[in-house]
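# Report on the structure
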Amino acid sequence: MKIIIDNTEIECQEGDLLIDVMLKNSVKIPHFCYQEDLGANGNCRMCMVEIKGAKRPQIACDTFVCENLEVSTKSQNITEVKRSILELELLNHPVDCPICDQAGECKLQDYYMDYGLYDSHQNTPKTKKGKHIDLGSNVMLDQERCVLCTRCVRFTSNITKTGELGIIGRGDSARVAVAPGRELNNPYAMNVVELCPVGALTSKDFRFAQRVWFLDSTKSICHGCSRGCNIHIDYNETKYSDEKVHRFRSRRNNSINKSFLCDYGRLSYKELNNTYSGEVSKVEDLKQLLDVDKKLALASPSLSYQQLEAIKEFCQNKNIELFSLAYIDNSFGDNWLKTNDMSANFASVKELSINTNESEFLKSFENATLVINFDHKKLSDMELTNKKVVEFTSSQIKSSSELIFSFANFAHESGTLINCDGIKQQFFASKYKDKHPRLIEILEEL
Amino acid sequence: MSFSYTQENTIKVASLLNKYPQKKALVLPLLWMAQKQDSFISEDAISHISEFLNLEYMHIYSVATFYTMFKLQKPQKKLIEVCRTLSCELNGSEDIKSYLDNNYGDDYEIIEVECMGACSGAPMCTVDGKYHENLTPKSLDEVLK
Amino acid sequence: MITKIVSKNFEIPNSHTMEVALENGRYSSLKSLFEKEPQEIIETIKQSGLRGKGGGGALAGNKWQIVNDWDGTKYVVVNADESEPGTFKDRRILSLDPHLLIEGIIATCYAVSSNISYIYVRGEYEEFSDVLQAAIDEAYEKNFLGNGAKYKVDITIHRGAGAYICGEKSALLESLEGNRGHPRLKPHSPEPEFYFGEPTLVNNVETIASVPFIVQNGADAYRAYGTEKSPGTLLFAISGNINKPGVYEAEFGVSMLDYIEKIGGGVKNGKKLKAVIPGGASTPVLPAGLLKDAKLDYESLKSIGSALGTGGMIILDEDASMVKALKNLLRFYHHESCGQCTPCREGTSWSDKILDRFLAKKATKEDLNILRSVSKTMNGKTICVFAPAASGVIDGFLEHFEAEFLECIV
């Protein structure tokens, strides 16, 4: 059916929530408590709109579309309503912007610029509550900054069902807290930092690390396990220091991870900053070594489809037996996002028909004199005496090797991953050129 | 867990379970029983209730902090609640509070509360939960000494 | 001038015991009740024009019909959370004539085909709910309730724990479900209330206590009292600067000034009447000058800019400070806000803090404007009517007594 929003006709279906329709059609509608995956709560009152025929303004998150619905978000009346509710949200809000990590991606700042811009009438003392409370799991709570939208409470109650967070007290002394002596403790805890529209819940890991307006973003996929949750890699490069990845943020994908990440995956950005900085070998040296009989290559199942394809071709040309072994941890997977298969692209390994049989690998390994390790994490656990090892690494080297080549990690690559459900996904490189060459380029030289 | 209900209360709890369609409705009655037993609601009591009702600890704790009558700290003295809302204020509740603070502040915990539904007997207070109305310094002395 | 329908037995010694109650007519309406079909009872209530006596004044019969027509297990919840400042009438019923309430609950349950009832009593009323519990136990013994009764009804008392907002019917049901007392979002079309998803009727104690009279004597007998739009009687209460504070039942439509003089005994200490808050702290204050023709019914008070509410009058004499009175009421609102939605949580807090500046005589002209603007933001933009009531209170004081506030401005 068609409804009218600000004199424009918009198409929608019966049963749609008005706020969903507005967000989908890029109509500006301020909101705190509504979140697509958590649903509506109706307590912030910011999404009020004027509906023709209704006595009072209505909240868009509790209004279903109907035939002949006419909505206004720009009338003088509703503009004043938005301004006055925003003023009340900001009334007891501490002026922490200069030290608050949320600055630059804070809804209160954004809405103030859009609907506020008024002179403050604050003339009574602000309510004081707890600040910089460490909740555990890398989450810091500042109760004064909180607008009591209850997104975090609903997340731990309804999504993770671990119930650590709740509201205590009543009225204007109501605040978000964990029960005394307890802490936030579940594998998805840091999602509350992203859910929080203001700086009440912030990441301890990111605390005071970087101002968000200096960060660039690239669309990527988490390589922590085979779920392939969609992420943004936030990074920047400053004049006198190298490019650094500062954090992962979730990217919405309604078929895979919605808008959530597990903490393990979220913090796996640290590996991207941990690259090899020692001396690298020359390609000529490797060419010489390849003149032996028993050669074995082990490829990481987290490499992209294109990288695995290039390795397969290289191994076929040089007559090297190629294997790839899965990273399985049966204690890691759960019934939501985390999977026991902790590699990013094992499905591609299968699709390319690369040998994954462990006993066959062990047999070949015993006899091999030259082992080429394409970034596989498990090789360093094995007995490597009497064998020449050539390492291709995107991070650090653990053992001593004959030859070392380092190549660009996935933040500087683009490629395809196939996740545990067979979904093919693309990830993209950040905009800065990495000092490490790309794996495919090295292989081409050989 | 070092909290458990008395024999008598345990029987009451069992009979209450039959009266509600879902056991989570028992949060308030169980909190009251715990408070009556120990004069306050301890962390152990909340753990016990949380396990018994199969609800998160935080949920029980959050409900307990919402209601003003639930005490989460062990009280040291007997409680006097003085009503401070309009009808009582118009009839001298402030003077009653001062009198109490000056003469009984050491022996009792004296707090102000909102309307107790005793406006025709203003000014009023409760001592240990029992209503005392039409207060004068003299009538207070008779009750408290 | 005093009319005794609900309060008929209040002054009889031991009226709360089964023996005395039976001697004085309690449970006598059950005979007429069971002679009729449940829908007939609902029609009778509708025809009587009985309006809810908890402050809202909504037609009881319509509520009963909506619950009756909705599929599911029906519950009847009696709202005994009486926490409105200036209101203390339900307490009288609980402690002086609990069997009247029980009789009313049986009739209500029969009418809407419910077998389960809860009485939500405010936590502070422990003494009175103990009397009520004893009466309920007696009723079970006499087979008025429980398995041995002609119509099975089970009554459970559920004690609140000190939250005014739990008197709001959806917050009451949240509390009854074991949650914090947060009012629920209001439906867009007529619906009953829901307890664990089942259709539930929520009525005030006095509303239910008025049912036996109507069942026994008929709708017309009830309409013989009161006015056309506000039929019947109400347990009006009077307190504050008055000679004879108390609960005195009267029919709707009596003159407020007559009530104050003749029943209330006039303003204490011979002072002049300055203002009346007609129906508990949620109703806008009225200056004495507007009260000449004011009648104690819903329509008359609405027409002069206030509301009947619970009918609990608070009398303010010539010496009362309106600034202090408003501060008192805003402090109440600040303390009792549940904190769920922004305009109420922040608005009640800010307006209370601003009144401190007025009390200290350090206010500015800006403060008066802010007070008006905050009042506007609290009105019509919240989940429940708590904040709009606070808004009405502020507007009432500023409209009629602005001079006293201007005196506090430096």
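On a predicted model such as this, the values are computed, not experimentally measured, just so you know.

Quick look at the interface of chain A and chain C now. Facing the 23 residues of chain A at the interface are 24 residues of chain C. Of the residues forming the side of chain A that touches chain C, the biggest block, 6 residues, is contributed by helix H2 (residues 76-91) of chain A. Tallied by class, residues from the side of chain A that touches chain C come to 9 nonpolar, 8 polar and 6 charged.

The subject of this paragraph is the domain arrangement of chain A. Domain parsing of chain A yields domain 1 (2-91), domain 2 (128-203) and domain 3 (210-446). Inter-centroid distance (C-alpha atoms) of domain 1 of chain A to domain 3 of chain A is 46 Å.

Turning to the interface of chain C and chain B, a few remarks are in order. In this assembly, 45 residues from chain C lie in contact with 33 residues from chain B. Put simply, the parts of the chain that give the side of chain C that touches chain B at least two residues each are helix H7 (126-141), strand E3 (154-159), helix H8 (169-176), strand E6 (233-240), strand E7 (246-251), strand E10 (312-317) and helix H14 (322-336) of chain C. Ranked by residue count, the leading element in the side of chain C that touches chain B is H14 of chain C, at 6 residues.

So, on to the pairing of strand E6 (residues 133-136) of chain A. With 3 bridges joining them, E6 of chain A and strand E7 (residues 139-141) of chain A adopt antiparallel strand pairing. Bridge assignment links Gly136 of chain A to a residue of E7 of chain A, and that residue is Val139 of chain A.

Here the focus is the environment of Ser114 of chain C. Residues and elements named next belong to chain C. In this structure, Ser114 sits in the loop between helix H6 (98-111) and strand E2 (116-121). The buried category is assigned to Ser114, around which 24 C-beta atoms lie within 10 Å. Spatially, the C-alpha atoms of Ser114 and Phe196 are 15 Å apart, while their sequence positions differ by 82 residues. When sequence neighbours within four positions are dropped, the list of residues in contact with Ser114 reads Lys74, Tyr75, Val76 and Cys109.

Residue and element names in this part refer to chain C. Under the domain assignment, chain C is made up of domain 1 (18-223), domain 2 (236-317) and domain 3 (322-406). For domain 2 and domain 3, the distance between their C-alpha centroids amounts to 23 Å. Taken together, the contact between domain 2 and domain 3 spans 7 residues of the former and 10 residues of the latter. In terms of residue class, the side of domain 2 that touches domain 3 is built from 5 nonpolar, 2 polar and no charged.

With that out of the way, let us pick up the sheet that holds E2 of chain C. Residue and element names in this part refer to chain C. With mixed pairing, the 5 strands of this open sheet are ordered in space as E3-E2-E1-E5-E4. Either end of the sheet is taken by a strand with one partner, and the two such strands are E3 and strand E4 (193-195). The mean angle between the axes of side-by-side strands here comes to 35 degrees, regardless of whether they run parallel or antiparallel. Examined bridge by bridge, E2 and E3 share 6 bridges and lie parallel to one another. Bridging from a neighbouring strand, Tyr118 pairs with Thr156 of E3. Together, E2 and E3 form the strand contacts of H7, whose direction differs from that of E3 by roughly 165 degrees.

This part covers helix H6 (residues 93-104) of chain B. All names here are of chain B. With 12 residues, H6 ought to run about 16 Å at 1.5 Å a step, and its terminal C-alpha atoms sit 16 Å apart, in line with that. Regarding H6, the residues found buried are Ser93, Ile96 and Lys97. Projection of H6 onto a plane perpendicular to its axis shows the buried side chains occupying an angular sector of 100 degrees, all on one side. Those residues of H6 that are exposed and aimed more than 90 degrees away from the buried face are Ser98 and Asn102. In this structure, the buried side of H6 is in contact with strand E1 (78-83), helix H5 (86-90), strand E2 (108-113) and strand E3 (125-127).

Reading guide: rules and limits
- Residues numbered from 1 in each chain as written.
- Chains lettered and ligands numbered in written order.
- Predicted model: local features only at pLDDT ≥ 70, side-chain atom pairs only at ≥ 80, totals over all residues.
- Contact = placed C-beta atoms within 7 Å.
- Helix = DSSP H or I, 4+ residues; strand = E, 2+ residues; numbered from the N terminus.
- Nonpolar A, V, L, I, M, F, W, Y, C, P; charged D, E, K, R; others polar.
- Domains from an automatic or database assignment.
- Pairing = 2+ DSSP bridges.
- Buried ≥ 20, exposed ≤ 12 C-beta atoms within 10 Å, placed from the backbone.
- Axes fitted to C-alpha atoms, helices over the stretch in contact; angles between N-to-C directions.
- Expected span 1.5 Å × (residues − 1).
- Arc of directions from axis to C-beta.

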